[in-house]
Amino acid sequence: MKHFLPVVILFLFASCKDDRHEEERTITNHEQTEEVEVVDAHSYANPTEVRTQHLHLNIAIDFEKQIIKGKVEHSIEHLNESRNFIVDIHDLKIDSVFLDDSIKVDWELGNFDSIMGQAMHIPVLPETKIVTIHYETSPNSKALQWLTPQQTAGKKFPYLFTQGQAILTRTWIPCQDTPGNRISYSADLKVPPHLMAVMSATNVTSKHKAGNYHFEMDKRIPTYLIALAVGDIHFQGLSDRTGVYAEREMLSASAYEFEQVEEMILAAEELYGAYRWGRYDMIVLPPSFPYGGMENPKLTFATPTIIAGDRSLVSLIAHELAHSWSGNLVTNATWDDFWLNEGFTVYFENRIMEKIYGIDYANMLFSIEYDDLIKENEEILNGEHPEDSKLKLDLAGRDPDDGMTAIAYVKGALFLKTIEAAVGREKFDVFVDQYFNEHAFQTITTEDFIIYLEEELLVPNEVNFNVDEWVYEKGIPNNAIKIESSRFDEVELKSSKIKGMKSVEELGIDPEKFTTHEWIHFIRNIPETATPEEFAMLDSVYNFTNCGNAEVMAVWYVKSIEHNYTYINESMRLFLTEVGRRKFLEPIYEELVKSEEGLVVARDIYASARANYHSISVGTIDEILNWQKNSLN
Ligand code: BES
Ligand code: ZN
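Residues numbered from 1 in each chain as written. Chains lettered and ligands numbered in written order. Predicted model: local features only at pLDDT ≥ 70, side-chain atom pairs only at ≥ 80, totals over all residues. Heavy atoms only, no water.

> Go over the overall build of the chain, please, and point to the residues and values.
When its secondary structure is counted, the chain shows 19 helices and 24 strands. A globule of 633 residues ought to have a C-alpha radius of gyration of about 26 Å, and the chain, at 25 Å, matches this closely. Counting every position in the chain, which comprises 633 residues, the buried fraction comes to 58%. Contacts in the chain between residues far apart in sequence, at least 24 positions, make up 72% of those at least 6 positions apart. Summed over all atoms, the accessible surface of the chain reaches about 25300 Å², with 49% contributed by carbon and sulfur. (Helix = DSSP H or I, 4+ residues; strand = E, 2+ residues; numbered from the N terminus. Rg over C-alpha atoms; globule rule 2.2 N^0.38 Å. Buried < 20%, exposed > 50% of the residue type's maximum accessible area, 1.4 Å probe, protein only. Contact = heavy atoms within 4.5 Å. Areas by Shrake-Rupley, 256 points an atom, 1.4 Å probe, with all protein chains shown as cover.)

> Talk me through the nonpolar core; I want residue IDs and the actual numbers.
Counting residues in hydrophobic clusters, the biggest one holds 196 residues, and the most contacted among them are F415 and Y589. With 11 residues, helix α8 (residues 406-423) is the single largest residue contributor to this core. Residues contacting F415, with those up to four places away along its chain left out, are W339, L391, F449, L453, F465, V467, W470 and V471. (Core = buried A, V, L, I, M, F, W, Y, C linked by side-chain atoms within 4.5 Å.)

> Describe in detail the pairing of strand β4 (residues 50-62), supporting the description with residues and values.
Where β4 meets strand β5 (residues 67-78), 12 bridges bridge the pair, whose relative direction is antiparallel. Each bridged residue has a counterpart across the sheet, and for T52 the counterpart in β5 is I76. Remark: four residues form the turn of the hairpin made by β4 and β5, two consecutive strands paired antiparallel; Q66 in that turn has positive phi of roughly 55 degrees. Across seven bridges, β4 lies against strand β14 (residues 182-190) in parallel orientation. Among the inter-strand pairings, L57 is bridged to a residue of β14, identified as A187. (Pairing = 2+ DSSP bridges.)

> Could you give an account of the site of ligand 1, with specific residues and numbers?
Around ligand 1 sit 16 residues, and of these Q165, G292, E295, E320 and Y409 come closest. The contact in question runs from an oxygen atom of ligand 1 to an N or O atom on the side chain of E320, over 2.7 Å. Contact between ligand 1 and H323: an oxygen atom at 2.9 Å from a side-chain N or O atom of the residue. In isolation ligand 1 exposes 520 Å². Once the protein is present, 91% of that is buried. Only β21 (293-294), α5 (315-322) and α6 (338-357) provide two or more residues apiece to the shell around ligand 1. (Near = heavy atom within 4 Å. Polar contact = N/O pair within 3.5 Å; in protein donor to acceptor, adjacent residues only side chain to side chain.)

> Give me the coordination of the zinc ion (ligand 2): which residues, what numbers.
Looking at the metal site, the zinc ion (ligand 2) is ligated by H319 (NE2), H323 (NE2), E342 (OE) and E342 (OE), spaced 2.0 to 2.8 Å from it. One can describe the site at the zinc ion (ligand 2) as irregular: its six donor atoms subtend angles covering 52 to 159 degrees at the metal. In primary-sequence terms, the residues that donate to the zinc ion (ligand 2) follow H-x3-H-x18-E. Here H323 is found in the loop between α5 and β23 (330-332), whereas its partner E342 is found in helix α6, with 19 residues between them in sequence. For H323, a relative accessible area of 0% translates into the label buried. When its relative accessible area of 2% is taken as the criterion, E342 is described as buried. (Donors = N, O, S within 2.8 Å, 3.2 Å for Na, K, Ca; no water. Tetrahedral: all angles 85-135°; square planar, octahedral: opposite > 155°, others 65-115°.)

> Help me get a handle on the environment of E320, residues and values and all.
Position of E320 relative to the elements: it lies in helix α5. Separated by 38 residues in sequence, E320 and G358 place their C-alpha atoms 20 Å apart.

> Tell me about the sheet that holds strand β10 (residues 118-123), and please be specific about residues and values.
What the three strands build is an open sheet, ordered β6-β10-β9; its pairing is antiparallel. Looking at strand neighbours, the two that pair on one side only are β6 (84-89) and β9 (108-109), the edges of this open sheet.

> So what's going on with the pairing of β10? Which residues, and what values?
The pairing of β6 with β10 spans six bridges and is classified as antiparallel. Bridge pairing links I89 to Q118 in β10. Both β9 and β10 contribute to a ladder of two bridges, which runs antiparallel. Paired with L109 across the bridge in β10 is M120.

> Could you give an account of helix α13 (residues 516-524), naming the residues involved and the relevant values?
With eight of nine residues buried, α13 is to be regarded as a mostly interior element. Among the residues making up α13, those that are buried are T516, H517, E518, W519, I520, H521, F522 and I523.

> Give a description of the environment of Y275 that names residues and reports values.
The topology assignment puts Y275 in the loop between α4 (261-272) and β20 (280-284). Sequence-wise, Y275 and W325 are 50 residues apart; in three dimensions their C-alpha atoms are separated by 7.8 Å. Sequence-distant contacts of Y275, that is, excluding residues within four places in its chain, are made with R241, I265, E269, Y280, K298, L321, S324 and W325. In this structure the side chain of Y275 is engaged in a polar contact, spanning 2.9 Å, whose partner is the backbone oxygen of R279.

> Could you give me a rundown of the side chain of Q163, with the residues and numbers involved?
For Q163, the position within the fold is in the loop between β13 (159-162) and β14. According to the relative accessible area criterion, Q163 is buried, its value standing at 1%. Of note is the side chain of Q163, whose polar atom sits 3.1 Å from the backbone oxygen of Q165. Sequence-distant contacts of Q163, defined by excluding residues within four places in its chain, comprise A143, L168, F289, Y291, M294, H614 and I616.

> Summarise the sheet that holds strand β16 (residues 212-222); cite the residues concerned and give the values.
Here seven strands make up an open sheet; going across it, the order is β8-β7-β11-β5-β4-β14-β16 and the pairing mixed. The open sheet terminates on both sides in strands that have one partner only, identified here as β8 (103-105) and β16. Recorded for the sheet is a direction-independent mean angle of 20 degrees between the axes of neighbouring strands. (Axes fitted to C-alpha atoms, helices over the stretch in contact; angles between N-to-C directions.)

Purely spatial values, then, with no claim about function.
Here it is, written out as structure tokens:
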């Protein structure tokens, strides 16, 4: 939110930035330092004037009405003379507002914006310490997904989970919803008896009979990391500081899958310093969870589609764990700086995987992501917003979710890998460790990161690096390092033999030795001219359609549709109906709509599946199918 930089540094590096970046900053004199206010285009709040320090929630979860109702108390700090406390709200019904529990005040709402919601202006007094807002959510609050018992594994109890990132916390809590403001929080929750509630905070491990739960998060976090899940949830411990929450049906499989998590934490700590959040637990959510994982502090939220039975998809946990440093400890100041969260995390995730499983395996994982980057970079460059291929984004007026592309994730990580190669791993690791320590529990902009990088790493080591090209220019610079994977070279050779094969044996694959990622790469590299008959041959031997590994099934389905092997079969229909993970749904629907027959099938499936999907996935698939605009629905 506020960055105090010595004047000298600002002037020294002012020339590195183009005008646009200067415009985003308001620079005011502040004695001997220059105060740089970072503007978050995705929040109406004014934390540089009056800011929330601590937020206390006192809410009840009403599954019948599908609403959350109660109050939030903001403990505020006055930073200037402003008597206006501005919070973000979106689809919330405000009942009343009190200052210090005694003075009832009126509030004013700003214009409504379908992406950002509304500003809520609350008049405060110089002495005001606590602002209490009584409110309830609306049934279409975007952060919340309410599941009927039928949509859960146990089929007996309803379920609720929240997704705050990027700007959805304001759809269930009136708050200053900008990553630029860090707060501690606590909560008192009332849920129906028999249900368990967990948050991104201290958690209990067994149910409270009457359904009363208390939570504390004493570390300062951005609001997008406030998270809640309520359901028939059980716990199984894994190590002294790790464990997993899930519905009973998923619990032991999840515990098996995540057994190596303690090892991952140790690897991460060895790289970049102590894990600072106490416990690290995970919750495996119902399959409609729209993401793979979400790094909610102390409690990673995860999709059940990573429970493959063979631990082959656990790099996702390494990723969410890595966010405990990159993202949760050091946070992007605005959503235009999103690559600082995700690029660092993909880099760090890959280092954890390398430490535990070796360089060959880590390179294989990164190579898959690299292929995604090449493809998506091309799409972005040829699309409506070619500037989205820059690391530093400009998402003002747009949904910050638009920034969730391989650019932030993989170009970001590739940038760091290329710097690492230039300065050497040893020096790079010292730098990263120091970066996390010196910015712990703070937010940082891309501009400040670059200054830090130049000062602490590049200049002292006399390394000339095209930082500005990487950050402020489109596409992938020529000096990007190449990640070689010899195992993948062999896989590609096998894929190339599919065309014209007489039998699958000719490929020379030993299925016992092929790993999940080799299968994924094999399928991705099926020759463009492969026939439906060749697909059928592969499927009859390897059973991709029903293999149970969601990553493998998802790429197979896309390829199957693309090659007219099938527009749809029962397994695909089931997958599309149950799984709400956007990363899988999006490419499958996109492939289906490319043909008339496929479009009919897609619309038919979506008509029944849509109600199972989270609003985040619904938004994306609606667009692919032109759903809202088509009057037939
Ligand atoms: N923080 C992200 C998820 C996210 C990003 C949610 C932006 C909303 C807005 C999380 O850490 C993530 O990156 N998840 C990935 C998995 C990861 C292994 C790349 C996902 O969900 O696919
Ligand atoms: Zn991430």
